[in-house]
Protein chains: 2
Amino acid sequence: MKNCQVLLINRPTEVAQADDFKIVETDPDPLPQGSFRVVNHFLSVDPAMRGWIADEGNYASPVPLGSVMRSLAAGEVVESKHPDFAVGTLLSGWFGWQEQCVVTPDAVVRRITEADLPLSLSLGILGINGVTAHLALTTIGQPIAGETVLVSTAAGAVGSAVGQIANLLGCRTIGVAGGKRKCNLCVDEFGFAAAIDYKQPDLEYAIRAVSPAGVDVYFDNVAGPISDAVYPNLALNARIIVCGTASIATWKPWPSGPRVERYLLTKRARMQGFVIFDHDTEYLASVAQLATWVREGKLHYREDILDGIEACPGALAGLYRGENEGKRLIRL
Amino acid sequence: MKNCQVLLINRPTEVAQADDFKIVETDPDPLPQGSFRVVNHFLSVDPAMRGWIADEGNYASPVPLGSVMRSLAAGEVVESKHPDFAVGTLLSGWFGWQEQCVVTPDAVVRRITEADLPLSLSLGILGINGVTAHLALTTIGQPIAGETVLVSTAAGAVGSAVGQIANLLGCRTIGVAGGKRKCNLCVDEFGFAAAIDYKQPDLEYAIRAVSPAGVDVYFDNVAGPISDAVYPNLALNARIIVCGTASIATWKPWPSGPRVERYLLTKRARMQGFVIFDHDTEYLASVAQLATWVREGKLHYREDILDGIEACPGALAGLYRGENEGKRLIRL
């Protein structure tokens, strides 16, 4: 049996397109002592992949050209030469865009123990997206009941979780999303008190209209013009969580925007970057809390599942075009 | 005896110049029950005055046209109808650019009890500047011994205190200042490990050369191009204290600059505004600590004293031209 892999073959300066990848069939790797073979059932597609591909400064070293595209995946141990990872164990981890891989324990994010819940959730609401939403909101945002929490990409995998968790914490939530359909999803499915379509002539005014007392917590996944419309609406002592910069197509050349210093100064606001990989020690406790909320019906999620490894190359570009509703996954 | 007052008569969009003020002689105010008369000995000149004059959003309501220019001052009670403020009491407070004033206790910042130290210090190193340096550095910057602390306007009243306090806390300090003379002052008088003249072709590179491991704490008084050269040099988990925006001549129209979101994200950095007026409860303890350091010879300061109320109108513009060395004051 061959192993299908998706290799990165170009390093684009903007979002990677389908032809920046190539699908190849290779012979499966041998299995050295201390390692185990994982067959992937779901591959993750994340906005952060753009940063992993770029060769500019980032929080992770760039994916080497010609190598398997770095990604999270959920799979099952099918062959093992490691005493702690028995055949049949379900895992999420850094298994890459490929059908199978031979890995050691350092590639594993966690064992998937929620047998009552779909395996795919380990890549979304019970994975990097849900945990990011939960930990970034609570550790940096520190929302207090009654405060107003505004979220960009509010219908997305992270944003929709942020809104629901903020609601659970007693906050008033405002979602910003692209188009009427996603805005309706924010309100009807994810319980945002209000949703604002960013594709409108005066976003700054629209935000003010629904949050006249100001935004206490801004959970930002986009940067760019949407954020520029939020900054003038910050409340005193506001917190801004910089979780992603999805609206910026490239940082070469570095883009300019309205300076934030004066907003931060006059509002005594705090703006801080969040990267999930700093939070290993809190990860499993966060997953447990999220799973409880999912089981109680308090935390809803959407998945956007594409079938077959041949869907991988175009999946990231489609994500940046906003064509998905909810967490994008590849099912193998 | 008449009271000379400096009135604000124009509201400039940039820094106020001498002809935006007018000096008038008026009859002294009567003294109602519960108030007291203060004769000012020193008037303060602070960069923040530009913001108090502007009518755009700020942390304080704008000084009304035709009224006495808002300022801190140090003076003495000469007549009192308040049981707690005896004649002869020395005070710092919001007494304005004028020779004397009739005030109630809410205008008082503190009683000046350091009889062994010059009265003028209550407006500088033992006043708003020293306390800002101390509290902003420790509460937002949270420097750890061995870390690198970079300060803009490093030869100024706030910056020079920041550098010395950071040294006392065991940090390595880098000052950014304008011109060779001020840079020498930073190193020779205020003990910065290195000083960088911002008037040079490649400031970003110059900062990297003296802090190759990155800047852990950036105490920013300027925003603008100096900050733009610091952001690419941030260390992981850096803290940025937004204390002032002195390099920005006007926020109408709002200026643009390189977007900070990506720096904050990739470096998990935190950027936060500081306004001294939020810190009333910590003020006196901070003054006591600063006074101890001054008496021990561990905290040096410079004063730039102009004589006579007629020096007021042009004093702020001169400050923004960088003509002062140390805390600018008017002595009456």
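Residues numbered from 1 in each chain as written. Chains lettered and ligands numbered in written order. Predicted model: local features only at pLDDT ≥ 70, side-chain atom pairs only at ≥ 80, totals over all residues. Heavy atoms only, no water.

S.K.: Just give me the short version of the packing of aromatic side chains, but keep the residues and values in it.
M.R.: All told, the structure shown has 18 aromatic pairs over all chains when counted by the stated rule. Between F21(B) and W97(B), the aromatic rings sit 5.4 Å apart at their centres with planes inclined by 55 degrees, giving tilted as the arrangement. With a gap of 76 residues between them, F21(B) in strand β2 (residues 21-26) and W97(B) in the loop between β5 (90-93) and β6 (100-103) connect regions that are remote in the sequence. A single burial state applies to F21(B) and to W97(B), both of which are buried. Taken together, the ring pairs connect Y218(A), Y231(A), Y263(A), W251(B) and W254(B) into an aromatic cluster. Its guanidinium or amino end placed over the ring of F85(A), R111(A) lies 4.4 Å from that ring's centre, counting from NZ or CZ. (Phe/Tyr/Trp six-rings, centres within 6.5 Å; stacked < 30°, edge-to-face > 60°. Helix = DSSP H or I, 4+ residues; strand = E, 2+ residues; numbered from the N terminus. Buried < 20%, exposed > 50% of the residue type's maximum accessible area, 1.4 Å probe, protein only. Lys NZ or Arg CZ within 6 Å of the ring centre and 35° of its normal.)

S.K.: Give me the relation of the copies chain A and chain B: which residues, what numbers.
M.R.: Superposition of chain A onto chain B requires a rotation of 180 degrees combined with a translation of 0.0 Å along the rotation axis, giving an RMSD of 0.0 Å. In short, the pair behaves as if placed about a two-fold rotation axis. Taken together, the interface assignments show that 100% of the residues at the interface of chain A recur at the interface of chain B, consistent with an identical surface on both copies. (Least-squares fit on C-alpha atoms with pLDDT ≥ 70 in both. Contact = heavy atoms within 4.5 Å.)

S.K.: Talk me through the domain arrangement of chain A; I want residue IDs and the actual numbers.
M.R.: Residues and elements named next belong to chain A. Per the domain assignment, the segments of chain A are domain 1 (3-124 + 301-331) and domain 2 (128-276). Residue-level contacts link 19 residues of domain 1 with 18 residues of domain 2. Summing both partners gives a buried area of about 1600 Å² for domain 1 against domain 2, and 48% of it is carried by carbon and sulfur. Inspection of the domain 1/domain 2 interface yields two salt bridges. Between R302 and E189 there is a salt bridge, and its shortest N-O distance comes to 3.1 Å. There are 11 residue pairs in polar contact (both at pLDDT 80 or more) connecting domain 1 and domain 2. (Domains from an automatic or database assignment. Buried area = accessible area lost by both parts, 1.4 Å probe. Salt bridge = Lys/Arg side-chain N within 4 Å of Asp/Glu carboxyl O. Polar contact = N/O pair within 3.5 Å; in protein donor to acceptor, adjacent residues only side chain to side chain.)

S.K.: Break down the interface of chain A and chain B for me, with residues and values.
M.R.: Taken together, the 38 residues of chain A in the interface contact 38 residues of chain B. For the chain A and chain B pair, buried surface summed over both sides reaches about 3400 Å², with 58% attributable to carbon and sulfur atoms. Of all residues in chain A, R259(A), R262(A) and R268(A) bury the most surface against chain B, accounting for 26% of the area lost on that side. Where chain A packs against chain B, one counts four salt bridges. D228(B) is the salt-bridge partner of R259(A), the closest N and O atoms lying 2.7 Å from each other. Remark: the boundary between chain A and chain B carries 16 residue pairs in polar contact (both at pLDDT 80 or more).

S.K.: Outline the pattern of salt bridges, supporting the account with residue identities and numerical values.
M.R.: Opposite charge on two side chains permits them to pair, given that their charged atoms come into close proximity. Tallied over the full model, the rule gives 36 salt bridges over all chains. Across the pair R37(A) and E79(A) runs a salt bridge, and its minimum N-O distance is 2.8 Å. Here R37(A), found in strand β3 (residues 36-44), pairs with E79(A), found in strand β4 (residues 73-80); they are 42 residues apart in sequence, far enough to count as distant. Classification of R37(A) as buried rests on a relative accessible area of 9%. Classification of E79(A) as partly exposed rests on a relative accessible area of 35%. In this structure, R268(A) and D278(B) form a salt bridge, with 2.6 Å as the shortest nitrogen-oxygen distance.

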